[in-house]
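# Fold and geometry: a report
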Amino acid sequence: MSLKFSHSAIIVLFLCSFPAILADEEEDPTIKTMEDFSGYPIHEPHSSFQNTVSSLSVDTQSLQKQIDELSTFSDTPAPSVTRILYSDKDVLARRFIKNLMGLSGLSVREDAIGNIFGRWEGYNPDLSAVGTGSHIDAIPYSGKYDGVVGVLGAIEAINVLKRSGFKPKRSLEVILFTSEEPTRFGISCLGSRLMAGSKALANALKTTVDGQNISFFDAAQSAGYTKDEGDLSSVFLEKGSYSAFVELHIEQGPILEDEGISIGIVTAIAAPASIKVDFQGNGGHAGAVLMPNRNDVGLAAAELALAVERYVLESGSIDTVGTVGILELHPGAINSIPSKSHLEIDTRDIDEERRNIVIEKIHQSAITIASKRGANLSEFKIVNQDPPALSDKSILEAMEASSKELNLTHKFMISRAYHDSLFMARVSPMGMIFIPCYKGYSHKPEEYASSQDISNGVKVLALTLAKLSLQ
Ligand code: GLV
Ligand code: MN
Ligand code: MN
């Protein structure tokens, strides 16, 4: 049964949530709260709507302090943040989060690769839980809000609900996902991808190494996690573990700020893909080898990078994007013709087929460029080619109703960035809440979201979780 909130029901809830009323031995406060949240008008409202809204109180100051403190666990100087999977700073940051989860009264557990779960047990604990969360790893020289708002904000949303006197029917679970960013091992959304049951990833991780040739398992073990390859299937979520999953995140685009809208309700997440390409040539002396005798794979890489831009633009849609974010030349000396080049290409679209056409063109182009230059295309590896994900209708409704009840302007929009929600959508109904960020900046130190916007997002998240917990 889908339960709907009404303004009056919420007003009743908060009137009933004062400690004096909760302390009443005559009534079961748990059931009472459930009835209130479920929209049963068991009492007439005694207060104005505005009073109700203000009783969902976010501790904005503490939350901002936590965001600032977390940003100090970084391998690059402020204002940039660099927090790479299983690094010392990542381990310290994880400890910080686990401590906050504990302080919020959540029971904390970790899986074999360090996905962290903080659970607030519902009064019907056999029902599947409602999940929320995001990531805290940060790409090199990025900002302090990406992912972090969805983890610290989720813990604060739990605090908001606890302070309001709410008692969840379904358990609420805050999740910190391991390595949403692909920085260390080239695999995006590593934790949520594995949670969603990717056997291919579990297999690939057996031989995965980072840029320093450190294996995934050695790195995980150094952070206190698994060493055992057989362990990884334990990360897979059991079917039906979550009845809903909601992620709070900065928009990472300029729309909400430009339009002066408080809340973005995400209807779909664009389909990301990433590709690794290696060319090999003869290299040689930059002075002695004449131009007709070269097979310069630095130029092969440059040509392919330009081809990526051309194919993306040829798609004719503004929604198709492509980026060559990594381009490495070997041996990397000014007076040596590159003998190896390595590119990593990110391409995305809200239309999966259109994105796949771009990938195919890039592949054909890499073959042609190598042959034209007498070079060897030693690797063309599609690391991931993920489909898009759609948000769930009842979660969309819950997010929209929450925004309205909180009197916050909202807008339906797509997410061009990927998120752990893309993978949670494979195992649970999914939804995402966006908040504005300064000029849409993200993945750079200038990334910023105001305390007010964060607080709005936390309120919408809290109310949405409450509604979903009672469904
Ligand atoms: C996530 O960080 C992305 O690149 O979309
Ligand atoms: Mn990111
Ligand atoms: Mn993110």
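Our subject is the structure listed above.
A short tour of the structure in this document, coming up. Just so we're clear, the structure is a prediction, and the values are computed from it rather than from any experiment. (Residues numbered from 1 in each chain as written. Chains lettered and ligands numbered in written order. Predicted model: local features only at pLDDT ≥ 70, side-chain atom pairs only at ≥ 80, totals over all residues.)

## Focus: the sheet that holds strand β14 (residues 376-385)
Using the following cut-off: For two strands to pair, DSSP has to find at least two bridges joining them. A run of H or I in DSSP counts as a helix once it spans at least four residues, and a run of E counts as a strand once it spans at least two, with each numbered from the N terminus. Angular values range over 0 to 180 degrees, each being the angle between N-to-C directions of two axes fitted as lines to C-alpha atoms, with helices fitted over their stretch in contact. Each residue gets a C-beta atom placed from its backbone, and two residues are in contact if those atoms lie within 7 Å.
Taken in spatial order, the four strands line up as β11-β13-β9-β14 in an open sheet, and their pairing is antiparallel. Edge positions in the sheet fall to β11 (321-330) and β14, since each of these pairs with one other strand and no more. When the angles between neighbouring strand axes are averaged without regard to direction, this sheet yields 15°. Alignment of strand β9 (residues 271-280) against strand β13 (residues 340-349), held across 10 bridges, turns out to be antiparallel. Residue pairing across strands places alanine 273 opposite threonine 347, the latter belonging to β13. Along the sheet face, helix α12 (residues 297-314) touches β9, β11 and β13 and points at about 10° away from the line of β13.

## Some details on the packing of helix α14 (residues 393-405) against helix α16 (residues 451-469)
Rules: Angles are sorted into four bins: roughly parallel if under 35 degrees, roughly antiparallel if over 145, roughly perpendicular if 65 to 115, and oblique for all others. With the far helix as reference, a near helix turned anticlockwise by less than a right angle produces a left-handed crossing, and one turned clockwise produces a right-handed crossing. Residue classes follow a fixed rule: Ala, Val, Leu, Ile, Met, Phe, Trp, Tyr, Cys and Pro count as nonpolar, while Asp, Glu, Lys and Arg count as charged, and any other residue, Gly among them, counts as polar.
Packing of α14 against α16 leaves a shortest axis separation of 9 Å and a crossing angle of 130°. Viewed along their axes, α14 and α16 adopt a mutual orientation that is oblique. For the element pair α14 and α16, the recorded crossing hand is right-handed. Each of Ile395, Ala398, Met399, Ala401, Ser402, Ser403 and Glu405 in α14 lies in contact with α16, whose residues at this interface are Val460, Leu463, Thr464, Lys467 and Leu468. Class assignment for the residues of the contact of α14 with α16 results in seven nonpolar, three polar and two charged.

## Focus on the nonpolar core
Quick note on the threshold: Here a nonpolar core is just a set of buried residues of the types Ala, Val, Leu, Ile, Met, Phe, Trp, Tyr and Cys, joined wherever their C-beta atoms sit within 7 Å. Neighbour counting defines burial: a residue surrounded by 20 or more other C-beta atoms within 10 Å of its own C-beta is buried, one with 12 or fewer is exposed, and intermediate counts give partly exposed, using backbone-placed C-beta atoms.
In this structure, Ala157, Ile158, Ile433, Leu461, Ala462 and Leu465 are the most contacted members of the largest nonpolar core, which totals 93 residues. With 21 residues, the next largest nonpolar core counts Ala301, Val324, Val358 and Ile362 among its residues.

## Here we look at the packing of α12 against helix α13 (residues 352-372)
Interhelical geometry of α12 versus α13 gives an angle of 150° and a closest axis separation of 10 Å. Considered as vectors, α12 and α13 are oriented roughly antiparallel to each other. Here α12 runs over α13; the crossing is right-handed. Contacts from Ala300, Glu303, Leu304, Ala307, Val308, Tyr311 and Val312 of α12 reach α13 at Val358, Lys361, Ile362, Ser365, Ala366, Ile369 and Ala370. Split by residue class, the contact of α12 with α13 holds 11 nonpolar, one polar and two charged.

## Description of α13
In an α-helix, one turn spans 3.6 residues, which is why side chains three or four residues apart end up on the same side. Our working definition: Helix span, expected: 1.5 Å multiplied by one less than the number of residues in the helix. Directions are taken from the helix axis to each C-beta atom, and the arc is the one they span.
With 21 residues, α13 extends 30 Å between its outermost C-alpha atoms, agreeing within 8% with the 30 Å of an ideal straight helix rising 1.5 Å per residue. Looking at α13, one finds that the buried residues are Arg355, Val358, Ile362, Ala366, Ile369 and Ala370. Looking down the long axis of α13, one finds its buried residues gathered within 100° of arc, a one-sided arrangement. Opposite the buried face of α13, at more than 90 degrees from it, the exposed residues are Glu353, Glu360, Gln364, Ile367, Ser371 and Lys372. Packing partners of the buried residues in α13 comprise β9, α12, β11, β13 and β14. Backbone geometry just after α13 places glycine 374 at a positive phi near 65°.

Such coordinate-based values are descriptive only and should not be taken to indicate function.
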